[in-house]
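# A structural walkthrough
Residues per chain are reported as follows:
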Amino acid sequence: MRILGISAFYHDSAAALVRDGQIVAAAQEERFSRRKHDARFPRHAVSYCLEREGVPLEAIDYVVFYEKPFLKFERLLETYLAFAPHGLRSFAMALPLWIREKLFQRKLLRNALRGFGPGFDFEGRLLFAEHHLSHAASAYYPSPFAMNQAAAVLTMDGVGEWATTSAAMGRGNRLEVLREIHFPHSLGLFYSAFTYYAGFRVNSGEYKLMGLAPYGDPKYAGLIRDRLIDVKEDGSFHLDLDYFDYCTGLAMTNRRFEELLGAPRRPAEGKLTQHYADVAASAQAVVDEIVVRLARSLAAETGAEALCMAGGVALNCVANAKVLRDGAFRRLWIQPAAGDAGGALGAALAGFHLYAGGPDRPGGLSYCGSDGMQGAFLGPDFAQPEIEQRLRNVGARFTVLPEEALLDSCAAALDRQQVLGWFQGRMEFGPRALGNRSILADPRQAAMQSELNLKVKFRESFRPFAPAVLREDVSDWFEFEGDSPYMLLVAGVAERRRRPLTEDERALKGFDALRAMRSEVPAVTHVDYSARLQTVDRETNPRFHALLSRFKQRTGCPVLVNTSFNIRGEPIVCTPEDAFRCFMGTRIDWLAIGDCLLRKEEQDASLQSNYAATVAPD
Ligand SMILES: [Fe+2]
């Protein structure tokens with residue numbers, strides 16, 4: 001049985017294909033269309049999924065959309081009417097476009113899908129899963145706990161139809177929703193409001209707010225708890241809507257919010273002062289507390305030992321690590337595509353297990369590595385002859401090397417502080433690059449952090465980088481045991497790897513503090529000694545594991561900086577051509593694509609472009 005899942009029309013459209021419960025393919029539309037957070041119908045992603053499986057749409061048993069458009073329409077309508085001015089003359093005229101679009105989504109979907117298979121019979125085969133059920137299914141079914149034991153499931157995001165938070169329980173292949181928190185009370189929108197207030201873009205700048213928080217002091221956390229959000233012992237919460245404007249769809253926060261925090265909203269690209277870092281730290285502290293309380297109450301209620309999480313808030317690796325450390329659950333697994341793109345996968349899995357009846361026999365799912373996500377390497381790949389052809393077509397100069405020689409050259413370049421574009425195998429599903437579409441660098445120099453931010457990624461200098469570390473060496477370098485394959489947990493750098501600061505370094509204030517040599521791997525050590533960790537194991541990513549091992553052989557350090565292969569505002573590269581363009585437009589020194597190795601100095605200089613000018617910053 002084949003099921004196609006689709007998420008679309010809000011942000012991060014995606015498609016996923018599941019065959020008999022196994023994930024065959026999943027990809028976000030933005031990677032193909034090159035439009036960040038592309039929300040249009042994911043025609044390229046659907047096309048990729050069908051091609052990967054080698055079937056037309058007619059061979060698909062069910063298409064499952066990741067939310068219920070009519071319920072969402074109802075929520076938008078009710079909210080709009082509740083806040084609309086009195087005396088509307090024409091009801092229909094007054095409905096904003098975004099509400100009308102929701103109403104016609106079913107038709108939009110049918111029309112778009114028809115192009116893939118004119119013979120597809122929509123009757124009974126186009127299904128709609130609830131938004132949070134899609135998130136919950138994406139968290140539970142691919143987790144290491146499904147089919148063998150039970151697991152509790154927590155989903156948290158901005159909003160779907162009505163739910164913004166849901167608690168569920170998975171047993172075998174059943175998944176039961178226990179309770180929900182409804183719009184307008186939303187942890188995702190709460191965090192987005194602070195993202196907006198700090199001058200970052202909502203639905204994409206939340207990561208920046210999280211990266212900003214360690215520079216601040218959570219001195220507004222008490223005020224936020226007193227005035228903005230009432231948090232109960234069980235983690236349920238209630239927002240005071242006098243301070244938030246998202247119900248009208250115009251802005252996230254208002255003047256009262258600014259007055260309460262004592263300063264106006266930072267304009268985009270305005271100066272990032274200590275105030276905004278303190279606000280970020282405060283919002284993060286409150287979110288940490290809520291997520292931990294939600295997890296604790298769910299553990300007490302269900303008695304489960306394992307927790308699965310998804311929804312955009314589950315991308316908050318700081319809060320995730322707090323949940324793990326709190327210990328209410330012994331084990332934690334987070335869907336790497338935790339945002340709405342992952343809803344496509346969840347919708348397909350929900351369709352299979354909850355609608356179509358699931359596997360014929362218990363335990364009918366098999367796992368590769370530690371879970372069903374195959375390392376999140378679910379996107380397109382390119383065979384070696386195709387890579388060479390595509391590179392020749394764009395005028396690239398490259399050599400083809402046997403694996404050992406390729407690894408040696410790459411490890412040597414990294415050791416010389418050169419920056420390496422690393423493009424191997426299938427593209428990642430989800431917002432993080434996990435070693436198949438990555439930019440890699442040596443973490444042992446503090447200067448590498450600002451070098452990468454300014455010359456390669458063209459992004460704000462305060463933003464930290466994440467380490468990829470050999471799975472077997474993780475506890476030697478970080479205060480962490482076990483797996484963090486998807487870069488969704490932070491952990492402290494191990495005490496023995498830390499370095500006392502010099503007097504000059506201690507004097508560094510604000511964002512300059514990031515320049516201090518805090519550890520043996522300063523380029524991935526945040527100012528609070530935390531690192532957003534990715535463990536790399538031999539089974540799920542053999543070639544990346546081999547490169548890390550080679551780097552360790554040379555240097556004694558099993559850690560590399562791993563940042564996504566793109567620049568600020570751009571989707572992660574998908575094809576060899578995308579990678580070559582990004583390579584030529586930035587200060588990346590080397591590029592390895594499959595067995596091809598490219599060196600910047602050897603390229604035709606006329607192919608260099610003002611790459612950053614072609615991408616709008618996010
Ligand atoms: Fe969502």
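Being a predicted model, the structure only gives us computed values, none of them experimental.

Below, the discussion takes up the overall build of the protein chain. In terms of regular secondary structure, the protein chain is built from 21 helices and 21 strands. Here the C-alpha atoms of the protein chain give a radius of gyration of 24 Å, agreeing with the 25 Å that 2.2 N^0.38 yields for 618 residues. Expressed as lengths along the three principal axes of its C-alpha atoms, the size of the protein chain is roughly 65 × 60 × 50 Å. Across the 618 residues that make up the protein chain, the buried fraction comes to 53%. Contacts in the protein chain between residues far apart in sequence, at least 24 positions, make up 74% of those at least 6 positions apart.

The strands making up a sheet associate through backbone hydrogen bonding, with each pair oriented either parallel or antiparallel. Spatial strand order, E3-E2-E1-E4-E5: 5 strands in an open sheet with mixed pairing. Because the sheet does not close on itself, it has two edges, and the strands there are strand E3 (22-28) and strand E5 (126-128). Shown here is a sheet whose adjacent strand axes are inclined to one another by a mean of 20 degrees, direction ignored. Note that strand E4 (residues 62-65) and E5 share 3 bridges and pair parallel. Of the residues in E5, the one forming a bridge with phenylalanine 65 is phenylalanine 128.

This next bit is on the domain arrangement of the protein chain. Domain annotation for the protein chain reports domain 1 (2-142 + 338-372), domain 2 (182-333) and domain 3 (384-614). Measuring from the centre of the C-alpha atoms in domain 2 to the corresponding centre in domain 3 gives 29 Å. With 13 residues of domain 2 at the interface, the matching set in domain 3 holds 15 residues. Those elements giving two or more residues to the side of domain 2 that touches domain 3 turn out to be helix H9 (206-212) and helix H13 (317-326).

A few words on the pairing of strand E8 (residues 174-182). Of the pairings in the sheet, the one linking strand E7 (residues 163-171) to E8 comprises 8 bridges and is antiparallel in character. Within E8, the residue paired with serine 166 across the bridge is glutamate 180. Turn length for the E7-E8 hairpin, with the two strands adjacent in sequence and antiparallel, is 2 residues, and the turn residue glycine 172 shows positive phi of about 55 degrees.

Running from N to C, helix H10 (residues 221-228) and helix H12 (residues 274-302) cross one another at 60 degrees; their axes reach a closest spacing of 8 Å. For the pair H10 and H12, the sense of crossing is right-handed. In this structure, H10 uses Ala221, Ile224 and Arg225 to contact H12, whose residues at the interface are Ser282, Ala283, Ala285 and Val286. Considered class by class, the residues forming the contact of H10 with H12 number 5 nonpolar, 1 polar and 1 charged.

Attention now moves to the packing of H12 against H13. At their nearest, the axes of H12 and H13 sit 9 Å apart, and the two run at 40 degrees to each other. Judged by the inter-axis angle, H12 sits oblique to H13. Once H12 is placed against H13, the crossing between them reads as right-handed. Here H12 contributes Gln284, Val287, Asp288, Val291, Val292, Ala295 and Arg296 to the contact with H13, which in turn contributes Val318, Ala319, Lys322, Val323 and Asp326. A class-by-class count of the residues in the contact of H12 with H13 yields 7 nonpolar, 1 polar and 4 charged.

With that settled, consider helix H16 (residues 403-415). For H16, which comprises 13 residues, the first-to-last C-alpha distance of 18 Å matches the rise-based estimate of 18 Å (1.5 Å per residue) to within 8%. Within the sequence span of H16, burial applies to Leu406, Leu407, Cys410, Ala411, Ala413 and Leu414. Looking straight down H16, one finds its buried side chains confined to an arc of 160 degrees; they lie on one side. Glutamine 417 sits one or two positions beyond H16 and adopts a positive phi of about 70 degrees.

Bringing the sheet that holds strand E12 (residues 331-334) into the picture now. The strand order E8-E7-E6-E11-E12 describes an open sheet built from 5 strands, whose pairing is mixed. Edge strands, defined here as strands with exactly one partner in the open sheet, are E8 and E12. Neighbour to neighbour, the strand axes of the sheet diverge by 20 degrees on average, direction disregarded. Contacting strand E6 (150-156), E7, E8 and strand E11 (306-310), helix H7 (residues 131-140) runs over the sheet at an angle of about 135 degrees to E6.

What follows covers the environment of alanine 405. The residue alanine 405 is located in helix H16 in this model. Between the C-alpha atom of alanine 405 and that of serine 33, which follows or precedes it by 372 residues, the distance is 35 Å.

Our focus in this paragraph is unusual backbone geometry. Generally, phi is negative for residues other than glycine and the peptide bonds are trans, each holding for most cases. Residue proline 184 follows phenylalanine 183 across a cis peptide bond; omega there is 10 degrees. Locating proline 184 in the fold gives a position in the loop between E8 and helix H8 (187-197). One non-glycine residue, aspartate 12, lies in positive phi territory at about 55 degrees. Phi at tyrosine 529 is positive, roughly 70 degrees, even though this residue is not glycine. Here tyrosine 529 shows up in the loop between helix H19 (503-506) and strand E18 (530-536). Under the C-beta neighbour-count criterion, tyrosine 529 is labelled partly exposed, with 18 such atoms within 10 Å.

Below, the discussion takes up the pairing of strand E16 (residues 467-470). Because side chains alternate across E16, one face comprises the buried residues Pro467 and Val469, and the other comprises Ala468 and Leu470, equally buried. Note that E16 and E18 share 3 bridges and pair parallel. Across the sheet, alanine 468 pairs through a bridge with glutamine 534, a residue of E18.

This part takes up the environment of alanine 251. With respect to the secondary-structure elements, alanine 251 resides in the loop between strand E10 (237-239) and helix H11 (255-261). The spacing of alanine 251 and tyrosine 197 is 54 residues in sequence and 9.9 Å in space, taken between C-alpha atoms.

Checked against the element boundaries, glycine 117 lands in the loop between helix H6 (105-114) and E5. Given 16 C-beta atoms within 10 Å, glycine 117 falls into the partly exposed group. Along the primary structure glycine 117 and alanine 59 are separated by 58 residues, whereas in three dimensions their C-alpha atoms are 9.1 Å apart. In contact with glycine 117, not counting residues within four places along its chain, are Pro56, Leu57 and Glu58.

Conventions and cut-offs
Residues numbered from 1 in each chain as written. Predicted model: local features only at pLDDT ≥ 70, side-chain atom pairs only at ≥ 80, totals over all residues. Helix = DSSP H or I, 4+ residues; strand = E, 2+ residues; numbered from the N terminus. Rg over C-alpha atoms; globule rule 2.2 N^0.38 Å. Buried ≥ 20, exposed ≤ 12 C-beta atoms within 10 Å, placed from the backbone. Contact = placed C-beta atoms within 7 Å. Pairing = 2+ DSSP bridges. Axes fitted to C-alpha atoms, helices over the stretch in contact; angles between N-to-C directions. Domains from an automatic or database assignment. Left-handed = near helix turned anticlockwise from the far one by under 90°. Nonpolar A, V, L, I, M, F, W, Y, C, P; charged D, E, K, R; others polar. Parallel < 35°, antiparallel > 145°, perpendicular 65-115°, else oblique. Expected span 1.5 Å × (residues − 1). Arc of directions from axis to C-beta.

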